[in-house]
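Observations on the model geometry
One letter stands for each residue in the lines below.
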Amino acid sequence: ASQPRTRTETLRARLADEIVSGVLEPGTPLDEHELANRFGVSRTPVREAIRQLSASGLVRVRPHRGAVVALPTPRELNDMFEVMAELEALCAALAARSMTVVERRALETLHQDLRVLVHKGDPASYHEKNEAFHAAIYAGSHNSYLAELTLMTRARVAPFRRAQFRAAGRLGGSYSEHDLIVQAILRGDQAGAAAAMRAHIGIVRDAFRSYAEAANS
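Below is a short write-up of the structure. (Residues numbered from 1 in each chain as written. Predicted model: local features only at pLDDT ≥ 70, side-chain atom pairs only at ≥ 80, totals over all residues. Heavy atoms only, no water.)

1. Structural notes on the packing of aromatic side chains
To keep things clear, this is the line we draw: Aromatic rings from Phe, Tyr and Trp, with only the six-membered ring used for Trp, were paired whenever their centres fell within 6.5 Å, and each pair was classed as stacked if the ring planes differed by under 30 degrees, edge-to-face if by over 60, and tilted otherwise. Secondary structure counts use DSSP, requiring at least four H or I residues in a row for a helix and at least two E residues in a row for a strand, with both numbered from the N terminus. Residue burial is assigned from relative accessible area. The probe radius is 1.4 Å, only protein chains are included, and a residue is buried under 20% of its type maximum, exposed over 50%, and partly exposed in between.
Inspection of the entire model under this criterion finds one aromatic pair. Ring plane angle 65° and centroid distance 5.1 Å describe the contact between Tyr 126 and Phe 165, whose orientation is recorded as edge-to-face. On the criterion of sequence distance, the pair formed by Tyr 126 in helix α6 (residues 123-140) and Phe 165 in the loop between α7 (144-163) and α8 (170-186) is long-range, its members being 39 residues apart. For the pair Tyr 126 and Phe 165, one class covers both residues: buried.

Structure representation (structure tokens):
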């Protein structure tokens, strides 16, 4: 049962990369049959991948007319990152207050795992571990509603956050930004954790903009 989900996630990630890099331009039709043949899968994972991309704002599904590539406008993307920054900043502040000793140690372990991936220069693996790092902070807030809301918002901007890791020097920069967040959480500094996280998401937004501009130039 897990294999189709794996295929869906792989397909979604590949299509997201092509959309944010400009390989698939805004307005490009996404034909399920054509994509299934191209990637050697059935139409079921293609249909689910398109549904997930629609939730991220990368694809617009038109009733009875199929799906097309639909990148958010710069204003829409900025709005999403603005909300993301505030939600994650609140998560970080509450995590600094509420994380247990075990949770703090787990966060440190994730942080060190990311350091290894920086040295390996592996953006794909870094992205996956980065998802776990941020999810640990959401859970560490000990506010289930906030964690759920933040995860839902993160899903909307995930393709853009993933793409920015391809920018030169971005893995090291991300790790350094994480270090400020982790240190603030470990010392119980709520204001410091919130400020570090807010700054981090702002840099992620700017890094994606630079990456997208370079990819489309």
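2. Notes on the packing of helix α2 (residues 32-39) against helix α3 (residues 43-55)
Where we set the bar: The axes are straight lines fitted to the C-alpha atoms, using for helices just the contacting stretch, and the angles between their N-to-C directions are given from 0 to 180°. For classification purposes, an angle smaller than 35 degrees is called roughly parallel, one larger than 145 roughly antiparallel, one from 65 to 115 roughly perpendicular, and anything else oblique. In this scheme the handedness of a crossing depends on how the near helix is turned from the far one: anticlockwise by less than a right angle means left-handed, clockwise means right-handed. Residues are treated as being in contact if the distance between any of their heavy atoms lies within 4.5 Å. Three classes are used, and their members are as follows: Ala, Val, Leu, Ile, Met, Phe, Trp, Tyr, Cys and Pro are nonpolar, Asp, Glu, Lys and Arg are charged, and the others, Gly among them, are polar.
Running from amino to carboxyl end, α2 crosses α3 at an angle of 115°, the nearest separation of the two axes being 9 Å. Classified by the interaxial angle, the pair formed by α2 and α3 is roughly perpendicular. Note on packing geometry: the crossing formed by α2 with α3 is right-handed. Contacts between α2 and α3 involve Glu 32, His 33, Leu 35 and Ala 36 from the first element and Arg 43, Val 46, Arg 47 and Ile 50 from the second. Here the contact of α2 with α3 is composed, by residue class, of four nonpolar, one polar and three charged.

3. Some details on the pattern of salt bridges
The test is simple: In what follows, salt bridge is the name for a side-chain nitrogen of Lys or Arg lying within 4 Å of a carboxyl oxygen of Asp or Glu.
With the rule as written, the count across this model stands at 15 salt bridges. We note a salt bridge from Lys 129 to Asp 113, for which the minimum N-O separation is 3.6 Å. Of this pair, Lys 129 sits in helix α6 while Asp 113 is found in helix α5 (residues 101-120), placing the two residues 16 residues apart along the sequence. The partner of Glu 131 in a salt bridge is Arg 154, with the nearest N and O atoms 2.9 Å apart. A residue pair is termed long-range when its members are at least 10 positions apart, and Glu 131 in helix α6 and Arg 154 in helix α7 qualify at 23 residues. In this structure Glu 131 comes out as partly exposed when scored by relative accessible area, which is 25%.

4. A short note on α2
The following threshold applies: Here the arc refers to the set of directions running from the helix axis out to each C-beta atom. Within 3.5 Å is the distance limit for a polar contact, defined as a pair of N or O atoms, with the added protein rule that one can donate a hydrogen and the other accept it, and that residues adjacent in sequence qualify only through two side-chain atoms.
All of the buried residues in α2 are Leu 35, Ala 36 and Phe 39. All buried residues of α2 fall inside an arc of 105° around its axis, so they share one side. Facing away from the buried side of α2 by more than 90 degrees, the exposed set consists of Glu 34 and Asn 37. Where α2 begins, the side chain of Asp 31 points an oxygen toward the backbone nitrogen of His 33, at a separation of 3.2 Å. Of the residues flanking the end of α2, it is Gly 40, one or two places downstream, whose phi is positive at about 65°.

5. A short note on unusual backbone geometry
Of note, His 64 is a non-glycine position whose phi angle comes to about 65°, a positive value. Looking at the element boundaries, His 64 is found in the loop between β2 (59-62) and β3 (66-69). Here His 142, not a glycine, exhibits a phi torsion of approximately 60°, which is positive. Along the polypeptide, His 142 turns up in the loop between α6 and α7.

Bear in mind that shape data such as this cannot, by itself, settle questions of function.
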